[in-house]
Amino acid sequence: MLDNHYQSSEYEIRFEDHEERRPELSPGDVFRLLADDHRRYAVQYFATRTSTVATVDDLATFVDDHADDADRRTIEIELVHTHLPKLAASDVILYDSSTKRVRYVGETFLETCLDWASDRDFD
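Definitions and cut-offs
Residues numbered from 1 in each chain as written. Predicted model: local features only at pLDDT ≥ 70, side-chain atom pairs only at ≥ 80, totals over all residues. Heavy atoms only, no water. Phe/Tyr/Trp six-rings, centres within 6.5 Å; stacked < 30°, edge-to-face > 60°. Buried < 20%, exposed > 50% of the residue type's maximum accessible area, 1.4 Å probe, protein only. Helix = DSSP H or I, 4+ residues; strand = E, 2+ residues; numbered from the N terminus. Contact = heavy atoms within 4.5 Å. Polar contact = N/O pair within 3.5 Å; in protein donor to acceptor, adjacent residues only side chain to side chain. Expected span 1.5 Å × (residues − 1). Bend = angle between axes of the 7 residues up to and from the residue. Pairing = 2+ DSSP bridges. Axes fitted to C-alpha atoms, helices over the stretch in contact; angles between N-to-C directions.

Attention shifts here to the packing of aromatic side chains. Following the criterion strictly, the structure yields four aromatic pairs and no others. Both rings, one in Tyr45 and one in Phe46, keep their centres 5.2 Å apart while their planes meet at 85 degrees; by these two values the pair is edge-to-face. The class for Tyr45 is buried, based on a relative accessible area of 8%. Seen in terms of ring centroids, Phe46 and Tyr104 are 5.1 Å apart; in terms of plane orientation they differ by 10 degrees. Their pairing is stacked. Of the two residues, Phe46 sits in helix H2 (residues 37–47) while Tyr104 sits in strand E5 (residues 101–104), which places them 58 residues apart along the sequence. Its relative accessible area of 7% is what places Phe46 among the buried residues. Ring pairs connect the aromatic residues Tyr45, Phe46, Phe62 and Tyr104, which therefore count as one cluster.

Further remarks concern H2. Among the eleven residues in H2, ten count as buried, and that is most of the element. Among the residues of H2, Asp37, His38, Arg39, Arg40, Tyr41, Ala42, Val43, Gln44, Tyr45 and Phe46 are the ones counted as buried. If you follow the buried residues of H2, they end up packed against helix H1 (27–34), strand E3 (53–55), helix H3 (56–66), helix H4 (72–89), E5 and helix H5 (108–118). Sitting at the amino-terminal end of H2 is Asp36, which places a side-chain oxygen 2.8 Å from the backbone nitrogen of His38.

What follows concerns H4. With 18 residues, H4 ought to run about 26 Å at 1.5 Å a step, and its terminal C-alpha atoms sit 24 Å apart, in line with that. The sharpest bend along H4 reaches about 50 degrees and sits at Leu79. Along H4, the residues that are buried comprise Ile75, Glu76, Leu79, Val80, His83, Leu84 and Leu87. Along its buried surface, H4 packs onto H1, H2, H3, strand E4 (93–96) and E5. For H4, the side-chain oxygen to backbone nitrogen distance between the N-cap and Arg73 is 3.0 Å, and the N-cap itself is Asp71. Residue Asp91 follows H4 closely and has a positive phi angle near 65 degrees.

Turning next to the sheet that holds E4. The three strands are arranged E3-E5-E4 in an open sheet whose pairing can be described as antiparallel. The sheet is open, and its two borders are formed by E3 and E4, each paired with just one other strand. Geometrically, the sheet is characterised by an average inter-axis angle of 20 degrees between neighbouring strands, direction not taken into account. Bridge analysis of E3 against E5 gives three bridges, and the strand direction is antiparallel. Its bridge partner lying in E5, Ala54 is registered against Val102. Sheet strands touched by H3: E3, E4 and E5. Its angle to E3, the strand with the most contacts, is close to 80 degrees.

Below you can see the structure in the form of structure tokens.
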């Protein structure tokens, strides 16, 4: 079980009343999550770092650096209203909307598929 306070050297996150659950995603769930390039980049952000904690701003900047289809502000809005809630609903991340902090929980099959997809250019 997660402590109600998760502390990293960079951030303090509160995820009240959350019990740690390991996601068990079906292949269809994984493919739906990775179907959008902004969600792929958001997950990939954590694969490129040692920390499992980020701000929405960190993620939006990373996505903006890698995606060339939207401006930075639009990306942040889409992350907050669409992509982070989908990842949170699948238990891949914990998202605290009040602090705009994200904690990556991870999922092995998702990461394997992301690695495979990252090696290819689908655009």
